[in-house]
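Residue-level listing of the chains:
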Amino acid sequence: MDTKNIVTAKAHANIAIIKYWGKLDEVKKTPLNSSISLTLDKFYTITSIERNQKLSKDFFYLNDELQNDNETSKISKILDYFRHPDEKVIVRSHNSMPTAAGLSSSSSGYAALVLCANKSFNCNKSRSELSYIARLGSGSACRSLYSPVAIWKCDIDEHKAIAYPLQCNIKLAMIIIILNKNKKEVLSRDGMRHCVETSTIFNKWVTTANDDAAKMVSLLQTNDFKAIGELMERNTLLMHETTLHANPPFSYLNSDTHACLEYIRKIRQDGFETYFTMDAGPNVKLLCRESEVHIIYKKLLEKYDESNLVMSHLVEEDYD
Ligand code: 2P0
């Protein structure tokens, strides 16, 4: 009998245009607000699972580096939704982007893991079940099961939320400006919890973000790029403001981020219509109309080195 087999799956990272920031339930990762994201073709994780009956524990390699017990146990907990717990495996994941630098590698990581486990253990789980399990690893991962645009819709009265693809009538793309490839100092999970617990403007954030998500759903049906971009920027800046009103306050953004935002505002006045967003790190992501992304990329080359810019289109898969 063959004791060894390997299967592989790929999933893409997503960048939120309306941010998920705050949980009602830390274990189920029920969000306090709805979020909306774009699934990017250039940022992805490829994961393989090797089933081998001779193993007595799980092994997890990330970018060829063996991970410690703590990191491996996070993966094992997700695999337990698919397998008999006695069955141990070797998981190998490769990210196309720097890990843990606010470039959403955890979203594609957990999405690739559930897709791969579903195949490896012949589970036949539906995409919405996979999305739910991925979210238990990392909240934003539930959106990476859908493309090109996903919503993670929150029903706060029912204490639940589900992700699904969102209708979008405008062609969008993103340019990532990598200002810092290092691991972030405050993990998004810790920063989020700290803001929920101490930020004096957190209630305002939750109410506004839920309103923003509803508005964005409508705007994505239109061709009003200016309104989409401005709403994304307002939502981003309010999310980052919650960190400044936490106790103690902190920020994911640095002086390079602020200089970049100033530059973006300036080129926008010159007719390069692009809007910024930032996550749990200093890097800046720019929203562009797909038809203008090359012109904006070329403009950015006047200020940034090619090695720090990534132009990304959206993943065009269509899911049932
Ligand atoms: C987002 N972020 O919507 C927001 C914006 C960061 C800023 O989702 O604790 O790694 O695993 O649920 O998904 C990053 O947080 O957090 C994130 P957990 P996750 O993309």
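Residues numbered from 1 in each chain as written. Predicted model: local features only at pLDDT ≥ 70, side-chain atom pairs only at ≥ 80, totals over all residues. Heavy atoms only, no water.

Caption draft 1: How the structure looks around the overall build of the protein. Across its full length, the protein holds 8 helices and 13 strands. Computed over its C-alpha atoms, the radius of gyration of the protein comes to 19 Å, within 12% of the 20 Å expected for a compact globule of 320 residues. Overall, the protein is about 65 × 45 × 40 Å in size when its C-alpha atoms are taken along their principal axes. Taking all 320 residues of the protein together, 53% fall into the buried category. Taking the intrachain contacts of the protein between residues at least 6 apart in sequence as the baseline, contacts between residues at least 24 apart amount to 75%. When the accessible surface of the protein is totalled, it reaches about 14,600 Å², and 48% of it is carbon and sulfur. (Helix = DSSP H or I, 4+ residues; strand = E, 2+ residues; numbered from the N terminus. Rg over C-alpha atoms; globule rule 2.2 N^0.38 Å. Buried < 20%, exposed > 50% of the residue type's maximum accessible area, 1.4 Å probe, protein only. Contact = heavy atoms within 4.5 Å. Areas by Shrake-Rupley, 256 points an atom, 1.4 Å probe, with all protein chains shown as cover.)

Caption draft 2: Quick look at the domain arrangement of the protein. When the domains of the protein are assigned, the result is domain 1 (3–165) and domain 2 (172–313). Summarising the inter-unit geometry, the C-alpha centres of domain 1 and domain 2 are found 23 Å apart. At the junction of the two partners, domain 1 supplies 32 residues and domain 2 supplies 45 residues. Note on domain 1 versus domain 2: buried area summed over both sides is about 3,100 Å², and carbon and sulfur give 68% of it. In terms of surface lost to domain 2, no three residues of domain 1 exceed Ile 17, Lys 19 and Trp 21, which account for 27% of the buried area on that side. Linking domain 1 to domain 2 there are 2 salt bridges. With its nearest N and O atoms 3.6 Å apart, the salt bridge here joins Glu 26 to Arg 193. (Domains from an automatic or database assignment. Buried area = accessible area lost by both parts, 1.4 Å probe. Salt bridge = Lys/Arg side-chain N within 4 Å of Asp/Glu carboxyl O.)

Caption draft 3: Structural detail: the environment of Ser 48. Turning to its location among the elements, Ser 48 is positioned in strand 4 (residues 35–52). Here Ser 48 falls in the buried class, since its relative accessible area comes to 12%. In contact with Ser 48, not counting residues within four places along its chain, are Ile 6, Val 7, Thr 8, Ile 90, Val 91, Arg 92 and Cys 116.

Caption draft 4: How the structure looks around the pairing of strand 12 (residues 284–289). When you tally the buried positions in strand 12, you get 5 out of 6 residues, the bulk of the element. The pairing of strand 10 (residues 172–177) with strand 12 spans 6 bridges and is classified as antiparallel. Bridging from a neighbouring strand, Ile 175 pairs with Leu 286 of strand 12. Here 3 bridges tie strand 11 (residues 275–277) to strand 12, and the two strands are oriented antiparallel to one another. Across the sheet, Thr 277 pairs through a bridge with Lys 285, a residue of strand 12. Following strand 11, the chain reverses through 6 residues before pairing antiparallel with strand 12. (Pairing = 2+ DSSP bridges.)

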